[in-house]
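Secondary and tertiary structure notes
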Amino acid sequence: LEMKKQMENWRKTVADALGCDAKRLYFTSCGTEGDNWAITAACWQNRHLGRHIVTTAVEHSAVLETCRWMERQGYQVTYVKPDQRGNITAEQILEAVRPDTALVSLMMVNNELGNVYPVEEIARGLAAGNPKTLLHTDAVQGFLEVPFAADKLGADFVTVSAHKIGGPKGVGALYIGPRVRNPRP
């Protein structure tokens, strides 16, 4: 009982830092597990909507490898390429979205170049044009560096990891928004 109480305190601490309700935060073993869970859960939820995913060509391998695995499961993946400076616009992402797009997944901050991607603008575009398409952002590099609140960002899934903010390796968390039903881990 004491450990359960302590876990709930830790969950509230992380949720407060992430800007979300603690009931929407799930601890994972790392950012990779959070990315894997988000992508597969989104595809499961939207399996009747379609079998298309939009991501970027410069994602962390945690996202790219999961997308490649989804391709082997019959999904089509569009890999949006950045410009020469590593920038990706909301327009590029939204142009790649189709009526059968189950998921858009992109990092908040590029882990090699530091480019900040327009997650909130993409969320607004999806809400206007493809309201059933779910949005995942790998915010491992942006957590506590780029100001945002998970419950206002517009993403359905937000992945974070402890080791990027001075915590131990082997600890991550996944925010799962209210539009997600039955997020099978």
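It should be noted that the structure appears before, not after, this text.
I will try to describe carefully the structure that is included in this document. (Residues numbered from 1 in each chain as written. Predicted model: local features only at pLDDT ≥ 70, side-chain atom pairs only at ≥ 80, totals over all residues. Heavy atoms only, no water.)

So, on to the packing of aromatic side chains. Taken as a whole and assessed by the stated rule, the structure comprises 1 aromatic pair. Sitting over the ring of Trp-44, Arg-47 keeps its end group 3.8 Å from the ring centre. (Phe/Tyr/Trp six-rings, centres within 6.5 Å; stacked < 30°, edge-to-face > 60°. Lys NZ or Arg CZ within 6 Å of the ring centre and 35° of its normal.)

Core analysis: the biggest nonpolar cluster contains 32 residues, and Leu-18, Val-104, Ile-122, Leu-135 and Val-158 have the highest contact counts within it. Setting aside chain neighbours within four positions, we find Val-158 in contact with Leu-18, Thr-137, Ala-139, Phe-148, Ala-150, Leu-153, Ala-173, Leu-174 and Tyr-175. With 18 residues, the next largest nonpolar core counts Trp-37, Ile-39, Ala-41 and Met-70 among its residues. (Core = buried A, V, L, I, M, F, W, Y, C linked by side-chain atoms within 4.5 Å. Buried < 20%, exposed > 50% of the residue type's maximum accessible area, 1.4 Å probe, protein only. Contact = heavy atoms within 4.5 Å.)

Along the polypeptide, Gln-141 turns up in the loop between β5 (134-138) and α6 (150-153). As for Gln-141 and Ile-165, which are separated by 24 residues in sequence, their C-alpha atoms are 8.9 Å apart. Each residue touching Gln-141, except ones within four places of it in the same chain, is listed here: Val-109, Asn-111 and Lys-164. (Helix = DSSP H or I, 4+ residues; strand = E, 2+ residues; numbered from the N terminus.)

This brings us to the pattern of salt bridges. Counted under the stated rule, the structure contains 7 salt bridges. A salt bridge links Glu-120 to Arg-124; the shortest N-O distance between them is 3.9 Å. Residue Glu-120 and its partner Arg-124 are both found in helix α5 (residues 119-129); the two are separated by 4 residues, about one turn of the helix. With relative accessibility at 51%, the residue Arg-124 sits in the exposed group. (Salt bridge = Lys/Arg side-chain N within 4 Å of Asp/Glu carboxyl O.)

Side chains of Arg-47, Lys-132, Arg-181 and Arg-184 sit close together on the surface and give a patch of like positive charge. Within the secondary structure, Lys-132 sits in the loop between α5 and β5. (Patch = residues over 30% accessible without salt bridge, like charges linked within 9 Å, V, L, I, M, F, W, Y side chains within 5 Å. Areas by Shrake-Rupley, 256 points an atom, 1.4 Å probe, with all protein chains shown as cover. Lys, Arg positive; Asp, Glu negative; His and termini not counted. Charge placed at Lys NZ, Arg CZ, Asp CG, Glu CD.)

Sheet architecture is open: 7 strands sit in the order β1-β7-β6-β5-β4-β2-β3, paired in mixed fashion. A single partner strand is all that each edge strand has here, and the edge strands are β1 (25-28) and β3 (76-80). Looking at each pair of strands side by side, their axes are set apart by 20 degrees on average, direction ignored. Sheet topology note: the strand β6 (residues 157-161)/strand β7 (residues 172-176) ladder contains 5 bridges and is antiparallel. Opposite Ser-161, over in β7, you have Gly-172 as the bridge partner. Of the strands in this sheet, β1, β2 (52-56), β4 (101-107), β5, β6 and β7 touch helix α2 (residues 31-45), which is tilted by about 170 degrees from β6. (Pairing = 2+ DSSP bridges. Axes fitted to C-alpha atoms, helices over the stretch in contact; angles between N-to-C directions.)

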